[in-house]
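Understanding the architecture of this molecule
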Amino acid sequence: MAARTQVRTLATFNVNGINARLPHLLEWLGEAQPDIVALQELKATDAAFPIAAIEDAGYGAIWHGQASWNGVALLARGATPIESRRELPGEPKDTQARYLEAAVHGVVVGALYLPNGNPQPGPKFDYKLRWMARLARHARSLVDLPHPVALIGDFNVIPDDIDVYDPKAWKRDALIQPEVRAAYADLLAQGWTDALRAVFEDEVIYTFWDYFRQHAERDRGLRIDHLLLNPVLAEGLVEVGVDRDVRLREKASDHAPTWARVRVPKTPSR
DNA sequence: ATGACCGGGTGTCCCGGA
């Protein structure tokens with residue numbers, strides 16, 4: 001029987017300013033050639049999104065920008081994502097650009113930038129918990145679909161103590177609070193596979209290193225960028241990784257590109 | 001226990017980030 005599947009690379013990368021990071025992004029796209037890329041923290045309006053440079057690199061894109069903060073995008077190598085939604089349901093007055101969903105290369109991809117939630121306690125932490133409840137509700141409608149679905153992005157959640165270089169130093173931070181961890185665990189319990197943890201098992205792997213005290217060079221990081229796969233997609237999981245070398249370059253984002261390679265049913269060539 | 005680096009805009013300081 002002829003092969004009816006192909007391996008696709010899904011990646012998530014919090015760029016911390018799309019225009020400040022454009023040279024980095026283009027360099028990494030050329031090296032890694034990911035098929036599907038979720039970007040967070042564009043920190044740019046829709047009009048300021050550098051679509052021409054991204055198209056020149058061989059990618060189609062959709063984006064949901066916002067001045068100064070937030071902002072998410074989805075890139076597809078040799079294709080344009082087919083958008084299905086650009087906000088998470090449940091809070092119509094929420095104007096923060098944190099969610100984008102599309103069909104990309106045969107995968108339904110929810111690209112997200114979950115609120116940081118600091119300081120906690122406080123209104124920003126309450127917003128984070130509400131956002132996680134909205135995400136869980138929406139994810140429930142996606143997990144059991146009969147086709148590949150992924151939720152990828154910057155979740156701003158440290159799932160377990162192994163995912164932070166010093167749990168005590170982060171004890172009061174919003175990213176590690178018990179309510180936040182419980183909400184993440186409840187989300188996984190719907191049937192999602194945390195791709196990095198599934199492959200790395202009990203090994204340490206980080207996706208973020210702050211700008212202070214040479215934490216990147218010293219590998220004192222956090223694992224907060226996640227790729228969640230529904231059961232159909234998790235069955236095809238091949239390989240995962242974090243491109244830490246990107247974080248070690250000059251003028252880097254504080255996050256590194258984080259990716260999973262998955263086998264998906266072939267989509268018609270174009 | 002504290003503070004330290006970043007990017008963007010409200011712009012040479014402040015806010016948000018994590």
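Residues numbered from 1 in each chain as written. Chains lettered and ligands numbered in written order. Predicted model: local features only at pLDDT ≥ 70, side-chain atom pairs only at ≥ 80, totals over all residues. Heavy atoms only, no water.

The name an unreviewed UniProt entry assigns to chain A is Exodeoxyribonuclease III, from the organism Luteimonas terrae. Under the UniProt heading Sequence similarities (unreviewed entry), the note attached to chain A is "Belongs to the DNA repair enzymes AP/ExoA family." (UniProt positions renumbered as here; feature names shortened; annotations may be inferred.)

So, about the UniProt feature "active site" (unreviewed entry) in chain A. As annotated in UniProt, the feature "active site" (unreviewed entry) corresponds to Tyr113, Asp154 and His255 in the numbering used here. Of the residues just listed, which span 143 residues, no C-alpha pair is farther apart than 12.7 Å, and they cluster in one region. When you line up the elements, Tyr113 lands in strand β7 (residues 107-113). Apart from residues lying up to four places away in sequence, Tyr113 is in contact with Asn14, Gln40, Glu41, Asn70, Val72, Arg98, Trp131, Asp154 and Asn156. Assignment of secondary structure puts Asp154 in strand β8 (residues 149-154). Asp154 gets classed as buried once you look at its relative accessible area, which sits at 1%. If sequence neighbours within four positions are ignored, Asp154 has contacts with Thr12, Asn14, Gln40, Leu112, Tyr113, Leu114, Ile224, Asp225 and His255. At 2.9 Å, the side chain of Asp154 forms a polar contact with the side chain of Asn14. (Helix = DSSP H or I, 4+ residues; strand = E, 2+ residues; numbered from the N terminus. Contact = heavy atoms within 4.5 Å. Buried < 20%, exposed > 50% of the residue type's maximum accessible area, 1.4 Å probe, protein only. Polar contact = N/O pair within 3.5 Å; in protein donor to acceptor, adjacent residues only side chain to side chain.)

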